[in-house]
Amino acid sequence: VNFALRIGFYYVLCIVCSGLTAPVCLLVNGGRTVKNMRIIKTVVKSFKYFFGLRFEVKGLENFEVEGPAIIVSNHQSILDMMGLMEVLPDGCVQVGKKELMYAGTVGLITYLGGVIFINRKSTTSAKMVMAEVAKTMIADNVKVWVYPEGTRNCTGDLLPFKKGAFHLAVQAQVPVIPVVYSSFTTFYNPKKNLFTSGKIKVEVLPPIETKGLTSDNVSDLTDRCYNIMRETLFRLSGRPGEGKDSS
Ligand SMILES: CCCCCCCC/C=C\CCCCCCCC(=O)SCCNC(=O)CCNC(=O)[C@H](O)C(C)(C)COP(=O)(O)OP(=O)(O)OC[C@H]1O[C@@H](n2cnc3c(N)ncnc32)[C@H](O)[C@@H]1OP(=O)(O)O
Ligand SMILES: CCCCCCCCCCCCCC(=O)OC[C@@H](O)COP(=O)(O)O
């Protein structure tokens with residue numbers, strides 16, 4: 001019951017705050033633009049206090065690259081939206097599943113924030129959207145945030161990465177910046193109806209350059225990111241024995 005109440009409250013908070021924030025976005029910025037993310041971020045950053053969540057962030061300076069970049073991070077739950085807004089740099093849009101667009105006021109606010117919607121069931125159309133993004137991110141100087149696991153995963157480990165984010169980075173010749181959130185398993189587990197207060201460690205890792213890489217290098221780049229992020233995930237989650245990183 002406690003779990004249902006807290007998750008229900010989270011949904012209501014998202015729906016109500018989206019409904020209230022959307023007109024503000026429209027009045028201030030006039031329509032769909034990444035500038036709305038600043039407003040959305042300000043609102044969402046207050047959510048953590050309702051749930052007793054604390055974020056400990058390291059490495060924010062790694063976002064300070066010249067120009068666009070692809071940011072990749074692990075995706076554990078719908079709560080990730082709070083962790084996202086906690087560190088989101090200015091001028092950064094997210095890639096999301098197109099179903100989000102139909103989620104009422106939440107769909108409206110994601111649309112206004114500039115979220116790029118892809119159809120996960122059609123690789124061809126998703127690839128076309130992403131190729132377009134590779135062109136416009138340079139012109140518009142935006143960063144793009146992708147969850148390369150492609151779906152939520154709350155097991156405390158990473159799912160294999162999909163390659164779209166890394167194709168995008170290579171096509172645009174921009175760096176990949178990995179961001180890792182420690183595992184939620186100690187305070188959040190929908191299967192066990194667990195959702196208590198808790199601390200999340202976040203680490204922004206140094207950018208990985210892609211200058212000179214071609215589509216032949218995408219698999220290697222994907223593996224490299226996956227390995228670094230998995231080691232970091234285990235280290236941040238207090239399972240250092242399972243990662244190779246001992247620092
Ligand atoms: C004020 C209050 C507010 C409160 C409310 C809150 C609102 C807050 C507002 C805003 C927050 C927004 C938060 C958004 C959060 C969203 C989270 C999600 O929705 S996560 C799901 C969607 N995300 C993805 O799926 C990742 C991206 N996915 C990919 O990149 C995939 O790679 C994809 C879809 C492009 C294809 O997926 P495949 O399942 O087919 O798998 P593959 O292995 O990657 O690709 C198949 C083949 O195609 C090639 N390929 C992929 N992309 C390519 C490309 N661009 N060019 C060429 N080849 C490509 C690959 O190399 C592979 O080929 P070979 O196996 O290597 O031979
Ligand atoms: C009318 C319906 C209203 C629904 C309100 C939903 C409020 C929650 C807002 C959280 C937005 C965060 C987006 C997110 O984290 O989505 C997760 C999915 O992308 C992952 O895909 P999958 O379903 O796990 O495959």
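We now turn to the structure provided with this report. Treat the numbers as computed from the prediction; the structure is a model and nothing was measured.

Let us now look at the pairing of strand β3 (residues 92-97). Counting buried residues in β3 gives 5 out of 6 residues, a clear majority hidden from the surface. In this structure, β3 lies alongside strand β5 (residues 143-146), joined through 3 bridges in parallel fashion. Looking at β5, one finds that Cys92 is bridged to Lys143. With 3 bridges joining them, β3 and strand β4 (residues 116-118) adopt parallel strand pairing. Paired with Val95 across the strands is Ile116, a residue of β4. Between the parallel elements β3 and β4, the chain passes through helix α5 (residues 104-112) in a crossover that is right-handed.

This brings us to the site of ligand 2. Around ligand 2, the neighbouring residues are Tyr11, Cys14, Ile15, His75, Ile78, Lys97, Leu100, Ala103, Val106, Arg120, Thr151 and Arg152. The contact in question runs from an oxygen atom of ligand 2 to an N or O atom on the side chain of Lys97, over 2.6 Å. In the model, an oxygen atom of ligand 2 is placed 2.6 Å from a nitrogen or oxygen of the Thr151 side chain. Protein coverage of the free-state accessible area of ligand 2, which is 680 Å², stands at 74%. The element contributing the most residues to the shell around ligand 2 is helix α1 (residues 2-29), with 3 residues. Split into classes, the residues belonging to the shell around ligand 2 amount to 7 nonpolar, 2 polar and 3 charged.

Conventions adopted
Residues numbered from 1 in each chain as written. Chains lettered and ligands numbered in written order. Predicted model: local features only at pLDDT ≥ 70, side-chain atom pairs only at ≥ 80, totals over all residues. Heavy atoms only, no water. Buried < 20%, exposed > 50% of the residue type's maximum accessible area, 1.4 Å probe, protein only. Helix = DSSP H or I, 4+ residues; strand = E, 2+ residues; numbered from the N terminus. Pairing = 2+ DSSP bridges. Right-handed = clockwise from strand over helix to strand, strands pointing away. Near = heavy atom within 4 Å. Polar contact = N/O pair within 3.5 Å; in protein donor to acceptor, adjacent residues only side chain to side chain. Areas by Shrake-Rupley, 256 points an atom, 1.4 Å probe, with all protein chains shown as cover. Nonpolar A, V, L, I, M, F, W, Y, C, P; charged D, E, K, R; others polar.

None of this, on its own, says anything about what the molecule does.
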